[in-house]
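# Chain and residue survey
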Amino acid sequence: MSSATFFQIQSFLILSLMIYGVTQSKKRQKHVKIMSGAMIWDVILILQIELSRSAIDKAMEVFQSQTALKIHLFFAVSSVLLYIAMVISGLKVLKGNSGFIKKHRYLGITTLAFRILTFITSFYAASKVAL
Ligand code: HEM
């Protein structure tokens, strides 16, 4: 199995876990545990990709000036930034600020959409490079 496939399997599992976690949002404790786990795993996945130097170098060779890599990186970086917003808004809801539920919900839908687009755009990268 190439490292790209290994990364993509993890990416798919993280996404599935997140979608499941959203369906559990009425069970607050369960939702928080699942979403925190998925976000931590996602950051660990990024570290794995970053630390596999050859993967980055090869991707850069092929993608450096290409729009596809930039689009993929845009969604990947935005997803992680949105995680921070999810934690902040989620904690506010937990502290009893119910006015934040709506914001958290809309941010959550956006985060999920960005994470799905990160996964989809990763296929273009992986199909071009045997990492
Ligand atoms: C990527 C991460 C996350 C996503 C996509 C997400 C998404 C959502 C969604 C869609 C809802 C449904 C709101 C509704 O039913 O109207 C929700 C509810 C909630 N989330 Fe999250 N969430 C995430 C992370 C977190 C985190 C980290 C926390 C806490 C620190 C948290 C705490 C809550 C709470 C307390 C609710 C309200 C549940 C209720 O209606 O009683 N979420 N979330």
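In case you missed it, the structure is sitting above this.
Read on for an overview of the structure. Small disclaimer: the values here were computed from a predicted structure and weren't measured.

Rules used in this analysis
- Residues numbered from 1 in each chain as written.
- Predicted model: local features only at pLDDT ≥ 70, side-chain atom pairs only at ≥ 80, totals over all residues.
- Heavy atoms only, no water.
- Helix = DSSP H or I, 4+ residues; strand = E, 2+ residues; numbered from the N terminus.
- Expected span 1.5 Å × (residues − 1).
- Buried < 20%, exposed > 50% of the residue type's maximum accessible area, 1.4 Å probe, protein only.
- Salt bridge = Lys/Arg side-chain N within 4 Å of Asp/Glu carboxyl O.
- Phe/Tyr/Trp six-rings, centres within 6.5 Å; stacked < 30°, edge-to-face > 60°.
- Lys NZ or Arg CZ within 6 Å of the ring centre and 35° of its normal.
- Near = heavy atom within 4 Å.
- Polar contact = N/O pair within 3.5 Å; in protein donor to acceptor, adjacent residues only side chain to side chain.
- Nonpolar A, V, L, I, M, F, W, Y, C, P; charged D, E, K, R; others polar.
- Contact = heavy atoms within 4.5 Å.
- Axes fitted to C-alpha atoms, helices over the stretch in contact; angles between N-to-C directions.
- Parallel < 35°, antiparallel > 145°, perpendicular 65-115°, else oblique.
- Left-handed = near helix turned anticlockwise from the far one by under 90°.

## As for helix H4 (residues 67–94)
Between its terminal C-alpha atoms H4 stretches 40 Å, which fits the 40 Å expected from 28 residues at 1.5 Å a residue. Listed in full, the buried residues belonging to H4 are Leu69, His72, Phe75, Ser78, Ser79, Leu82, Tyr83, Met86, Ser89, Gly90 and Val93. Directly after H4, the chain includes Gly96, whose backbone phi takes a positive value near 100 degrees.

## Digging into the pattern of salt bridges
Per the counting criterion, the structure on display carries 1 salt bridge. One salt bridge connects Asp42 with Arg115, and the closest N-O pair in it is separated by 2.7 Å. Of this pair, Asp42 sits in helix H2 (residues 28–51) while Arg115 sits in helix H5 (residues 100–128), placing them 73 residues apart in sequence. In this pair, the class of Asp42 matches that of Arg115, namely buried.

## So, the packing of aromatic side chains
In this structure the tally under the stated criterion is 6 aromatic pairs. Ring geometry for Phe74 against Phe114: centres 6.0 Å apart, planes inclined by 55 degrees, an arrangement best described as tilted. Here the residue Phe74 occupies a position in helix H4, and Phe114 occupies one in helix H5, the gap between them amounting to 40 residues. Among the aromatic residues, ring-to-ring pairing joins Phe12, Phe119 and Phe123 into one connected group. Note that Lys103 overlies the ring of Phe100, its terminal NZ or CZ placed 4.5 Å from the centroid.

## Considering the site of the ligand
Taken together, 17 residues are adjacent to the ligand, and Lys26, Arg28, His31, His104 and Arg105 come closest. The separation between an oxygen atom of the ligand and a polar side-chain atom of Arg28 is 2.7 Å. With respect to the ligand, the side chain of His104 contributes an N or O atom lying 2.8 Å from a nitrogen atom. Among the secondary structure elements, those contributing two or more residues to the shell around the ligand are H2, H4 and H5. Across the shell around the ligand, the residue classes break down as 8 nonpolar, 6 polar and 3 charged.

## Comments concerning the side chain of Gln10
Locating Gln10 in the fold gives a position in helix H1 (residues 3–23). Sequence-distant contacts of Gln10, that is, excluding residues within four places in its chain, are made with Trp41, Leu45 and Gln48.

## Topic: the packing of H1 against H2
Two elements in contact, H1 and H2, have axes separated by 9 Å at closest approach and are oriented at 165 degrees. One element, H1, and the other, H2, form an angle in the roughly antiparallel class. The two elements H1 and H2 meet at a crossing, and its hand is left-handed. Residues Phe6, Phe7, Gln10, Ser11, Leu13, Ile14, Leu17, Met18, Tyr20, Gly21 and Val22 of H1 pack against Lys30, His31, Ile34, Met35, Ala38, Met39, Trp41, Asp42, Leu45, Gln48 and Ile49 of H2.

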